[in-house]
Amino acid sequence: KKINSLNLDYRRQLNLLSQISFGVEIEGSGLDSFYTEEIVEEFNFVNCLDSEDSYSMSTDHSVDFEVVSPILYDLKFNWMYLQRLCDLLKRRGATIKGNNASHIHLGTHLINTPDKLSWLIKTFVVFEDIIHKFGYGYYNEPRNYIIAYPNSFNYSVLMSPLNVKLFIEVLNKCDNISQN
């Protein structure tokens, strides 16, 4: 509940470990996907981003456009490019509406043991409300798409307390076997 009352400020770095990688998907409204693709290509060109470091488009039919970042690390220049792209999209007419949200993808290369996977799942359970707030988008209510197609989402089934408990028990057994 406290997260809903916080005013989140933009930070130039998050102080993540240097080996943690992530990516983001930026959903928006007000621009069609073809025009957004032109904006993204122009952005990549102007900032001399090669194919490995460039932003791209993704297809998500629930929103007007979705921009996908390259693999990022917690470096000031990555945050600067992300901020520049968001500012550019906004200047060109992008808006946030009820169906929009952004997604963060975490690099899984560090989740290489059952114990680490167990900790990740436990973290999701503990911070589920915060994760859903950011998944809901700019507003503090579910995206219209989630309400319109409730059977296509399995959040509560996947993250039910019983399923999490059973999955963690299996991981712990696997971890104990590998240590013996």
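The coordinates are above.
Keep in mind that what you see is a predicted model, and the values were worked out from it rather than measured.

A. Spotlight on the packing of aromatic side chains. Under the criterion given, the structure shown has four aromatic pairs. Aromatic pair Phe-22 and Trp-79: ring centres 5.4 Å apart, planes at 25°, arrangement stacked. One end of the pair, Phe-22, is in strand S1 (residues 22-28); the other, Trp-79, is in helix H3 (residues 76-91), and 57 residues separate them in sequence. Taking the relative accessible area as the measure of exposure, Phe-22 reaches 7% and is therefore buried.

B. Examining the pairing of S1 more closely. By the criterion of burial, S1 is predominantly enclosed, with seven of the seven residues buried. The alternating pattern of S1 places Phe-22, Val-24, Ile-26 and Gly-28 and Gly-23, Glu-25 and Glu-27 on opposite faces, both of which are buried. With five bridges joining them, S1 and strand S4 (residues 102-106) adopt antiparallel strand pairing. Residue Phe-22 lies in a different strand from S4, and its bridge partner there is Leu-106. Inspection of the sheet shows S1 paired to strand S3 (residues 65-68) by four bridges, in the antiparallel sense. Residue Gly-28 lies in a different strand from S3, and its bridge partner there is Phe-65.

C. How the structure looks around a negative patch on the surface. Where like charges cluster on the molecular surface, the negative patch consists of Asp-32, Glu-37, Glu-38, Glu-41 and Asp-64. Accessibility expressed as a relative area gives 39% for Asp-64, which makes it partly exposed.

D. Molecular detail of the layout of surface pockets. Its boundaries defined by the atoms lining it, the second largest pocket holds a volume of some 200 Å³. Forming the walls of the second largest pocket are Leu-49, Glu-52, Asp-53, Tyr-55, Pro-70, Ile-71, Leu-72, Tyr-73, Leu-75, Phe-77, Asn-78 and Tyr-81. Split into classes, the residues belonging to the lining of the second largest pocket amount to nine nonpolar, one polar and two charged.

Rules used throughout
Residues numbered from 1 in each chain as written. Predicted model: local features only at pLDDT ≥ 70, side-chain atom pairs only at ≥ 80, totals over all residues. Heavy atoms only, no water. Phe/Tyr/Trp six-rings, centres within 6.5 Å; stacked < 30°, edge-to-face > 60°. Helix = DSSP H or I, 4+ residues; strand = E, 2+ residues; numbered from the N terminus. Buried < 20%, exposed > 50% of the residue type's maximum accessible area, 1.4 Å probe, protein only. Pairing = 2+ DSSP bridges. Patch = residues over 30% accessible without salt bridge, like charges linked within 9 Å, V, L, I, M, F, W, Y side chains within 5 Å. Areas by Shrake-Rupley, 256 points an atom, 1.4 Å probe, with all protein chains shown as cover. Salt bridge = Lys/Arg side-chain N within 4 Å of Asp/Glu carboxyl O. Lys, Arg positive; Asp, Glu negative; His and termini not counted. Charge placed at Lys NZ, Arg CZ, Asp CG, Glu CD. 1 Å grid on protein atoms, 1.4 Å probe; cavity = no way out; pocket = protein on both sides within 12 Å on 5 of 7 lines; lining within 4 Å. Points joined across faces, edges and corners; volume = space filled by probe spheres on them. Nonpolar A, V, L, I, M, F, W, Y, C, P; charged D, E, K, R; others polar.

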